[in-house]
Every structure is written in structure tokens, then in C-alpha cells.
Amino acid sequence: MLSRTAENLYWLARYVERAEYLARTIDATLRVTALPAAYIGKTNEWDSALLTAGVSASFYEAYQEANEQNVVEYLAFSPSNPSSIKNCIEAARLNSRSVRTALTSEMWDTINSAWIELQEVWGKGTSSREELAKFLRFVQETSLRFDGSAYRTMLRNDAYWFSRLGLHLERADNTARILDVKYHVLLPEEEHVGGPLDYYQWTSILRSVSALTAYHWVYRETLKPWLIADLLILNDTLPRSLASCYSNLVRNLDQIGVAYGRQGASQRHARGVRNRLEHSHMDDIFQHGVHEFIQEFIADNARLGEIITKQYLI
Amino acid sequence: MAVAFDEMNGPGGDLRPAYQELSRWLKETPPDALEYRRQEAELLFRRIGITFAVYGDAEAQERLIPFDVIPRIMSAKEWTLLEKGLKQRVRALNMFLRDIYHGRDILRANIIPDDLIFQNPVFRPEMNGQDVPHDVYVHIAGIDIVRVDADNFIVLEDNARTPSGVSYMLENREIMMRLFPDLFARHRVAPVEKYPDELLSALRSVAPLSASAEPVVALMTPGVYNSAYYEHSFLADKLGIELVEGRDLIVKNDEVFMRTTEGLKRVDVIYRRVDDDFLDPLTFRPDSALGVPGLMSAYAAGNVTLANAVGTGIADDKAVYSYMPDIVKFYLGEEPILKNVPTWRCREPKDLAYVLDNLGDLVVKEVHGSGGYGMLIGPAATKATIEAFRDKLKREPEGFIAQPTLALSTCPTCTASGLAPRHVDLRPFVLTGRDHVTIVPGGLTRVALKEGSLVVNSSQGGGTKDTWILDE
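Residues numbered from 1 in each chain as written. Chains lettered and ligands numbered in written order. Predicted model: local features only at pLDDT ≥ 70, side-chain atom pairs only at ≥ 80, totals over all residues.

**Things to note about the overall build of chain B**
When you go through chain B residue by residue, the secondary structure sums to 15 helices and 21 strands. Against the globule reference of 23 Å for 472 residues, chain B gives a C-alpha radius of gyration of 22 Å, in line with a compact fold. Projecting the C-alpha coordinates of chain B onto the three principal axes gives extents of approximately 65 × 55 × 45 Å. When each of the 472 residues of chain B is scored for burial, the buried share is 44%. If you take every contact in chain B between residues at least 6 apart in sequence, the share linking residues at least 24 apart comes to 68%. (Helix = DSSP H or I, 4+ residues; strand = E, 2+ residues; numbered from the N terminus. Rg over C-alpha atoms; globule rule 2.2 N^0.38 Å. Buried ≥ 20, exposed ≤ 12 C-beta atoms within 10 Å, placed from the backbone. Contact = placed C-beta atoms within 7 Å.)

In C-alpha cells form, the structure reads like this:
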């Protein structure tokens, strides 16, 4: 297939995944900030939402204060934030238009309808919490529908595999970022772990990666930071864990390699990262430092993106 | 201006045979049911994403072309005549182009003045003496046809460069079949769905000799911001070929390749929807980022076929158009089946004088214009517009031609105040391959939705209709 087509499919999936992640982040932050101050401590949750989205610096160029109104506006609707939800959906549609021929009509319909709804219903943003909740649900449902229609309607060929690569690469990045920020915020007060304050913080992390229920099923325990880290980093039964993302990345890259009769740098690199995850234990990660581990992972993940681009997309 | 010929209710208000069943059906169908279907059709178009862009209109970058649900119907007999005329005309166009870029018999016979060709900006000296596979220049032609009475088809324009609109012909039919299955059951409508297959086989048949047994065809688009981008992606999809942009192509050793995830892959035939000027920055506009450096050199080496060929603009120049009846006679020795609109060439002083004296009654067009941009419709224009146009004409007379205002035929059309006659034209699409010329029965009917308006172009508020050719 055309390199540009593969590139568009890859970015299309990334944008949709990112839009969903941002919606989840806002949603989780809203829940935490709705609690009385005694439960959430002194940290500014909106600040940490900006950090997990990786847009803190650009936000403060445009705004003075990280409060609900400003951050929601910036993350969800701002035209000047290149990765706001609005811009993600715009970019997803533009990419879809460029690869109309590689999309199934169900996928196109999902993106196109979302784009139309974005203009017609959400053109002016939201004016109440209720509307905001509706908007966030709309974004998440769009992503689910897109993912589902890709899964159910696409031929299992390189078009599908490149689209999956975009999705898992973006997802791995998002999970890593939220873990990193939250650990940074929360762990200095390690002695309080398990107190009511952290409990809600941890809940919000899990919620933002839709893993709260999963946690209880897997561990049958109260929330413990190292178990949460274990779940999000190493447990490959959880679809948003780093381990699961890398199983998928390796599998899809292998399929491309087999179809094209040639392996390359991206296959090797992805396998390297996956092997590291497979052979890691939480104890070692804690000893090594969670922050360092995740930072390294984020860099490795970004590197995979570059290698895939070089090998296939240009 | 004479009263327009109505295709449903002919002169004297007699229902014409092709419309009998439709007329009966319309009487049985309550108006609100029709309105409901109309809304449904619009919803379908929007969801499929069939839009077009209007240049210079920032508010509505993507717009729907209004679709009118009342079909335009022609009998098999009418179509047979039209088809014959179209084939004749396109054969002549191809022979004319071959001649202009080779022996130039028609110039030596003094049928067309030399300077009209050589001074013409759309004449491409790069094509002098260059052979194209099987002498086909215009693989895809869109011939704009109008009617003024029951017996005559008149060619308004020949589009021999990159005619668009065929996706609407195909989608209009799809949507009509979804919305009005009962109406189809009562007619025998010739299908149009073979068009993509016929286009692909025409394109393959003109692959260069150096191509493999399975020539690779690609459709080249200027990109998503082009007004016809929807059509480009639609056609690539229907043909099952790659939709490429200039940046996807690269020329090596005079061969064209596309960049794929598995490396470079040779392309043999390019159905290009990019104008000549933007094909190759080395040959044409150096500032163009849309093209492929070296493409013209691969073309000259005979390693790639461009459809349509480079330089076909000289055949749809509106001043050359005025010579079409002579062109048909010269190459084919036949009387032209399709008529021309009488045309004054403003480059000729006698004609210019007449045009300047009668601006209020004439339609004046730019010789290289398309899409209804930059034309004057005398009877509908204000005095100030006419005067401004007069200055333009005097400054650059060779840039314009003028024609009488035709009373285009009308068809019943849904309007805010019920069914009413609106002016229509027809663009059939004529395909030329190695051995034969084919036309799927029908084409794109465009309708001027404003009462009395004669401008059917989508960029000027025109709509479209499904076009039915009835099988006997």
C-alpha cells in the first residue's frame, strides 16, 4: 500500500485514541475535584491533568490559572491546542478523507458523523457540567465505535495492522504518562499510602484508563500503588497496560513483516521493549525507580514511532 | 427569449411518452412524501460525505450539491442519436489533437488559423511530435449537452482536460434506487454501474508498451483540499486503484514509481485529475508543489501514459470549439450529428464589434474558463456589470467568445412551492480506449434551481438529478 496511506491510517488511529484518552482524563479529574478538599489534598488536579496530557507549557502561555473552566476549554475545545479533543477529531477526519479508499464505510461514517456532531452540537463548547459529561461520553463512544468498526469490518491486511500500530503506540504513551504524573504527585507521601486521600487519587488513575473494575477482579485487594503499577505496566490481560500494548505492537509488526517477507528495525525494537516488560518484576522497577523506568519507556515508545515512520511511512 | 422546451410536458403541454409513468406516479404520491424523501436523500449524501468545495467561500468549505429527486428521463431513441453524436465528436477530438501535435493537416488546409493554436496558452509545445499510446489523447471526455427542442442536441462545451461529475452520476443512481424502488420497478432504466469497470479497462488498454501484462493504474489527485477530492477518492475506490498525490510518486531512470510500504512500485498509467500546469515542476510551473519532478521526461520516454494526455486543453478551448463542426467534417468526412451553439469569436474584429453592440443579449465566456466562473449572462446582468465586462472584452478580446442566450430545456423539479420547471443540461462521459469508444447510458444532469436561471454549475447554485435512459 502507499506509504502515505499507511501513515494516514496510523495517525487516524492515534488521534482517535488520544481524543478518548483526553476525555477520560477530564472525566476522572472532574470526579476527583468534586470531592471535599480533605479527600484530595492540596494538589491542583487540573494541573496534573495538563501534565498527563503533556500540554502544560503551552497552556500557561495562554492562561494564568489552571482551573476547571480553563483546562476543560484547553483540553477539549481550544483551536490553539494542537492536541485538543476538537483538533484530534478534526485531524482524524482530515486523515480519513485522505484515506477514504482504505477505510470501510462504517469507519468513515463514525468519524464523519462525529465531525458533523462536533460542529453542529459542540461548536460553542459546553456551558454546564451536564453538557460536559454528555460531550465526554460522545467522545468516548466515538472512539469505541471507531475501534469496533475497524475490528469488525476491516480486512486483516496491512491497512488494519498499521491502524492498530497507531492505536497501541498512542495508548502505551498515554498509560505511561498518566502513571508517571500520578506517581510523581503521590509517592513523596509514601507513608500515607492507603489513606483516604490517596485512595481517591488512585481511583482516578484507574478510572482514566478504564481499569477500576479490572483492578478489583485481578487483585481482590484494596488499592495499593504497587499493584496498580503492576496492573498498568506488567499485566498483559489489561488492554491498556504497557505489556498488553507491546504484545499487540509486536504481533501487528510481525504480521506486516510476514506479509512483506521482510523484518526490520521496528520489529526488533518492539520485541526488545516487550521482552524487557516480560522479564521485569515490580520489585525491581520500584528499586530502579518507577519514574526512571517510565521515562525510559516513554522514550523507547517514541523511538518505535520514529522507526516505524522511517521503515514504512515515508 | 423563446419559451423553453419542457421535457415532460412538450410544446402545447402534451405529456411526452418517456414521462408517462413518472407523471402517473407523481399524481399518486402525496407532496409531503416527496419532501420526506428529499430530506432523506440529503441526509444520505451528507453522511456519505459527498461534498464539494467552493473556491473563495471560507464559510462553507465543504458543501453538498443540492440533489433533486425527480429524475430526468430520455427515451432509448433519443439516447441512440445522442450516443452516436457523442462518439463521432470524441473521435474527431482525438484525431484533431493527434494532428495538431504532429502533421497539422488541418492548419495547412486553412480550416483553423495558425495563431489560434500557436498563440494559445493551452497549446503545449512539449507535445510536438510526441506519440501517445494508440493515439488516444482524450480518454475521458465530458461533453455538455443542452436541448432547445425535441429534435436537437446541442453541444455547449467539450471538456477534454479533467472533466468531473461522474461520481454524482453514480451516487445519484444509488440513492434514487434506495429511495424509490417502486418507481424503478415501473420503469426499465438502463444501468450506469458499469462505468468504473469500463473506465478501468479503457485505462489499462492504453498502457505503454514497456508495462507488464498487468499494468498498474493510479489516480492522481491534487489532494484533499481540491474541490473534486471526493470524486477522486470515490473513483479510486470503485476502480480499486491507488489514489496518489504528487509526493507519493517519484521518477527514476524515466520510470514512474509510487512509494509504498514495501518500497517503490512502478506505475504504468496515471489517471490524473491534476491540470497540465501542475504535473511536473521541471517542465511547467516551478512553484508547484503538487507535481512530480521528471514526470514529463518519463512521459516523453513512453514509460507512462497520462490520461488525459498533456495538451488536450487546446481541444476544449472555447474558440476552437467554434470550429468543431468543421473539425468533424475534416477528419471523418461526416456531417456532425450534434450541433454547435453559434459562436462569435471576439478575436475577430467583425465578431467583436457585433458582440460589443449586443452585450445585453449574449452570453460571454472566457475561452479557458470552466465551472461557470467569469462569464457574463447579458440578459440577467446589471448595466454596471455589462459595462465592466465591456472594458475587459476590449482589453483582451482573444480571451472571450460570445453566444446567444439559449432557452435551455426544462424538467419538473422540486421547489419550495411544489413541482416547477427548471432549466437543465446534461454531461455524458465518453470513454476512449485502445479499440473503442464507450458511453454508459446517461450522464450527469445539472439543474439551475433558481427560477429562470440558466446557470447550472454547482459552484453557482446548481443542483443535480438522476438521468434515466429508458430501455425499449
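**Considering the overall build of chain A**
Broken down by element type, chain A carries 16 helices and zero strands. The C-alpha atoms of chain A give 19 Å as radius of gyration, which agrees with the globular expectation for 314 residues (20 Å, within 12%). Here the C-alpha coordinates of chain A stretch approximately 55 × 50 × 35 Å along the principal axes. For chain A, with 314 residues in total, the buried portion stands at 47%. Considering only intrachain contacts with a sequence separation of at least 6, the fraction spanning at least 24 residues in chain A is 69%.

**Structural notes on the sheet that holds strand β5 (residues 242-244) of chain B**
Residues and elements named next belong to chain B. Across the sheet, which stays open at both edges, the four strands sit in the order β5-β4-β9-β10 with parallel pairing between neighbours. Both outer strands of the open sheet, β5 and β10 (305-307), are each paired with one neighbouring strand and no more. Strand-to-strand twist across the sheet, computed as the mean angle between neighbouring axes with direction ignored, equals 30°. Pairing geometry for strand β4 (residues 217-220) and β5, over three bridges, is parallel. Across the sheet, residue M220 finds its bridge partner in β5, namely V244. Packed onto the sheet, helix α9 (residues 229-239) meets β4 and β5 and runs at close to 150° relative to β5. (Pairing = 2+ DSSP bridges. Axes fitted to C-alpha atoms, helices over the stretch in contact; angles between N-to-C directions.)

**Some thoughts on the interface of chain A and chain B**
If you look at the interface, chain A gives 17 residues, while chain B gives 16 residues. Put simply, the parts of the chain that give the side of chain A that touches chain B at least two residues each are α1 (3-33), α6 (85-98) and α7 (105-120) of chain A. Ranked by the residues each element gives to the side of chain A that touches chain B, the list is headed by α7 of chain A, at four residues. Grouping the amino acids of the side of chain A that touches chain B by side-chain chemistry returns seven nonpolar, five polar and five charged. (Nonpolar A, V, L, I, M, F, W, Y, C, P; charged D, E, K, R; others polar.)

**Examining the packing of helix α14 (residues 265-278) of chain A against helix α16 (residues 290-313) of chain A**
Residue and element names in this part refer to chain A. In the contact formed by α14 and α16, the axes pass within 9 Å of each other and the chain directions differ by 165°. Of the possible angle classes, the one that applies to α14 and α16 is roughly antiparallel. In this structure, α14 crosses over α16, and the sense of that crossing is left-handed. Across from A265, S266, H269, A270 and V273 in α14, the residues of α16 making contact are D300, R303, L304, I307, I308 and Q311. (Parallel < 35°, antiparallel > 145°, perpendicular 65-115°, else oblique. Left-handed = near helix turned anticlockwise from the far one by under 90°.)

**Regarding the sheet that holds strand β15 (residues 400-404) of chain B**
Paired through backbone hydrogen bonds, the strands of a sheet run either parallel or antiparallel to each other. Residue and element names in this part refer to chain B. Pairing is antiparallel in the open sheet, where four strands are placed in the order β12-β15-β13-β14. The open sheet has two edge strands with one neighbour each: β12 (344-345) and β14 (376-377). With two bridges joining them, strand β13 (residues 362-366) and β14 adopt antiparallel strand pairing. If you follow V364 over to β14, its bridge partner there is L376.

**Details of helix α12 (residues 225-234) of chain A**
For an α-helix the count is 3.6 residues per turn, leaving residues at separations of three or four pointing the same way. Across the ten residues of α12 of chain A, seven count as buried, placing the element largely inside the fold. Looking at α12 of chain A, one finds that the buried residues are P225, I228, A229, D230, L231, L232 and I233 of chain A.

**Remarks on the environment of E45 of chain A**
All names here are of chain A. Along the polypeptide, E45 turns up in helix α3 (residues 45-53). Owing to 22 C-beta atoms within 10 Å, E45 belongs among the buried residues under this scheme. Spatially, the C-alpha atoms of E45 and M282 are 27 Å apart, while their sequence positions differ by 237 residues.

**Overview of the environment of D471 of chain B**
All names here are of chain B. Topologically, D471 is positioned in the segment after β21 (462-469). In this structure D471 comes out as partly exposed when scored by C-beta crowding, with 13 C-beta atoms within 10 Å. Aside from chain neighbours lying at most four places away, what touches D471 is A76, R188 and A190.

**Concerning unusual backbone geometry**
Residue and element names in this part refer to chain B. Each neighbour pair has its own omega, and for A307 with N308 the value is -5°, a cis peptide bond. For N308, the position within the fold is in the loop between β10 and α11 (313-316). The phi dihedral of N253 is positive, around 45°, even though this residue is not glycine. Mapped onto the fold, N253 is located in the loop between β6 (249-252) and β7 (255-260).

**Some remarks on the pairing of strand β16 (residues 410-415) of chain B**
Along a regular strand, successive side chains alternate from one face of the sheet to the other. Residue and element names in this part refer to chain B. Taking burial as the measure, the six residues of β16 include five buried ones, the bulk of the element. By the bridge criterion, six bridges tie β16 to strand β17 (residues 418-427) in an arrangement that is antiparallel. Paired with P412 across the two strands is P421, which belongs to β17. Where β16 folds back on β17, the antiparallel hairpin that results is connected by two residues.

**A few points about the pairing of β7 of chain B**
Residues and elements named next belong to chain B. In terms of strand pairing, β6 meets β7 through four bridges, oriented antiparallel. Within the sheet, the bridge partner assigned to L249 lies in β7 and is M258. Where β7 folds back onto strand β8 (residues 263-266) in an antiparallel hairpin, the turn is made up of two residues.

**Some points on the confidence of the model for chain B**
Residues and elements named next belong to chain B. Averaged over every residue, the pLDDT of chain B is 91; residues scoring 70 or more account for 96%. In this model, residues 54-60 is a region of pLDDT below 50 whose contacts with residues beyond four sequence positions or in other chains number four contacts. Interface predicted TM-score (ipTM) for the complex: 0.79; the corresponding pTM is 0.85. (pLDDT = per-residue confidence, 0-100.)

**Some points on the packing of α1 of chain A against helix α8 (residues 129-153) of chain A**
All names here are of chain A. Packing of α1 against α8 brings their axes to within 9 Å, and their N-to-C directions diverge by 145°. Handedness of the α1/α8 crossing: left-handed. Contacts between α1 and α8 involve V16, E17, A19, E20, A23, R24, I26 and D27 on the former and, on the latter, L136, V139, Q140, S143 and F146.

**Observations concerning the confidence of the model for chain A**
Across chain A, pLDDT averages 89, with 94% of residues at or above 70. Of all helices and strands in chain A, the one with the weakest mean pLDDT is helix α2 (residues 37-40) of chain A (66), whereas helix α13 (residues 242-260) of chain A scores best (97).

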